[in-house]
Amino acid sequence: MNKEITTEILEEWLENVRPYAYDGQVADYIPALSRQNPEELAVAIHYIDGSSIHAGEIEATFTLQSITKVISLALALMDNGEDYVFDHVGMEPTGDPFHSIYRLEQLPSKPLNPMINAGALSVTHMIHGDTPDEKVGRLLSFVHEMTDDHTIGYNDEVAASEFETAFLNRSLLFYMKQHQIVTGSVEETLDAYTKQCAIEVNVPQLARIGALFANEGRDLDSGRQIIPKHFARICKTFMVTCGMYDASGSFAIKVGMPAKSGVSGSVVASLNGFGGIAVYGPSLDEKGNSVVGLRLLELLSNRYDLSIF
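The next thing to look at is the nonpolar core. Core analysis: the biggest nonpolar cluster contains 48 residues, and Met-146, Phe-213 and Ile-227 have the highest contact counts within it. Taken together, the elements giving at least two residues each to this core come down to β1 (42-47), α2 (68-80), α3 (82-88), α4 (117-126), α5 (132-147), α9 (203-214), α10 (229-242) and β7 (275-280). Beyond its immediate stretch of four places on either side in the chain, Phe-213 contacts Val-70, Ala-74, Met-146, Ile-227, Ala-232, Cys-235, Lys-236, Ser-270 and Asn-272. Among the nonpolar cores identified, the runner-up in size contains 31 residues, and Ile-53, Met-257, Val-279 and Tyr-304 belong to it.

Our focus in this paragraph is the pattern of salt bridges. In a structure, side chains of opposite charge can pair up when their charged atoms sit close to one another. Scanning all chains against the criterion turns up 14 salt bridges. Of the charged contacts, one joins Lys-229 and Glu-216 as a salt bridge, the two residues approaching to 3.7 Å between their closest N and O atoms. One end of the pair, Lys-229, is in helix α10; the other, Glu-216, is in the loop between α9 and α10, with 13 residues separating them in the sequence. The partly exposed category is assigned to Lys-229, whose relative accessible area is 38%. Between Glu-216 and Arg-233 there is a salt bridge whose closest N-O contact spans 3.4 Å. Placement of the pair is Glu-216 in the loop between α9 and α10 and Arg-233 in helix α10, with a sequence separation of 17 residues. Overall, Arg-233 belongs to the partly exposed group, its relative accessible area being 43%. Bridged by salt links that share partners, the residues Glu-216, Arg-218, Lys-229 and Arg-233 form one connected network.

Overall, the coordinates contain 3 aromatic pairs when judged by the stated rule. Taken together, a centroid distance of 5.3 Å and an interplanar angle of 70 degrees make the contact between Tyr-47 and Phe-274 edge-to-face. Here Tyr-47, found in strand β1, pairs with Phe-274, found in the loop between β6 (266-271) and β7; they are 227 residues apart in sequence, far enough to count as distant. Per residue, the accessibility class of Tyr-47 equals that of Phe-274, and both read buried. The ring of Phe-163 carries the charged tip of Arg-170 above its face, separated from the ring centre by 4.7 Å.

Okay, the pairing of β6 next. Within β6, 6 of the 6 residues are buried, leaving the element largely enclosed by the surrounding structure. Residue alternation in β6 divides its side chains into two sets, Ser-266, Val-268 and Ser-270 and Val-267, Ala-269 and Leu-271, and both sets are buried. As paired strands, strand β5 (residues 259-262) and β6 are joined by 4 bridges and run antiparallel to one another. Residue pairing for β6: Ser-261 is matched across the bridge by Val-267. Joining the antiparallel neighbours β5 and β6 is a turn of 3 residues, in which Gly-265 adopts a positive phi near 100 degrees. Of the strand pairs in this sheet, β6 and β7 are connected by 6 bridges, and their pairing is antiparallel. The residue of β7 that forms the bridge with Ser-266 is Tyr-280.

Rules and cut-offs
Residues numbered from 1 in each chain as written. Predicted model: local features only at pLDDT ≥ 70, side-chain atom pairs only at ≥ 80, totals over all residues. Heavy atoms only, no water. Core = buried A, V, L, I, M, F, W, Y, C linked by side-chain atoms within 4.5 Å. Buried < 20%, exposed > 50% of the residue type's maximum accessible area, 1.4 Å probe, protein only. Helix = DSSP H or I, 4+ residues; strand = E, 2+ residues; numbered from the N terminus. Contact = heavy atoms within 4.5 Å. Salt bridge = Lys/Arg side-chain N within 4 Å of Asp/Glu carboxyl O. Phe/Tyr/Trp six-rings, centres within 6.5 Å; stacked < 30°, edge-to-face > 60°. Lys NZ or Arg CZ within 6 Å of the ring centre and 35° of its normal. Pairing = 2+ DSSP bridges.

Okay, here's the thing in structure tokens:
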């Protein structure tokens, strides 16, 4: 395990990338996210031996947004099995934007992968629970297990803001309902999905989630298998191929880590034998990825040879 990186080094690298904070813009299409401070930056590393280091505004909380797609996929696989899940959502990466409806117009009309919005909505629909709150409650319990922190909840304001403005996601759900990819109430599935995306953490908590995936789904303290090893591997594979939206290919070349981003400006990376890295920087590039997060991960990967390739 490479443990050359110290708290002092993290602080230094975070200051080096701070000037990039205004190279993008916060996610203003979600009203509650438009008020984020671009200068509120943080980074944490949680090693698989349980130790951790961090720098920046580590007490700052943010909503996971699309990072929850990895977590919900793991739970849906555990609820339904691999065959059922991939009968309803594909495994292939795409160069289309994450909210695109274009591929659903082709046959078969199931979403290409679980990391785009259509695929993630389908996955949330698969999570067991009779109501949206039951689904979200099970997701939160799952996050509590992964972080060993039962205080984590979701941000009501962000969830409501996303629900009220989720016209594209409603369109995706109605289209999938027409083709029997999802069934039941569109509004209920969207309710569960927007609350899922509004789950709120800080970078130390997120880095621990990344470390659990890096530890092949085992709890870092007890060694208990929280996610079956094969399912953890499936999730990390999607992080490599689809985790950074339609910038996943260039990210794989420049950084080379299994990673997932969210439009709150958070990024989590998961490296077998190393641990989890979480970065928070609200300014996004044109693809919807954190400008500071991408730059910092690229610097760390190149300096400490963290690429898996």
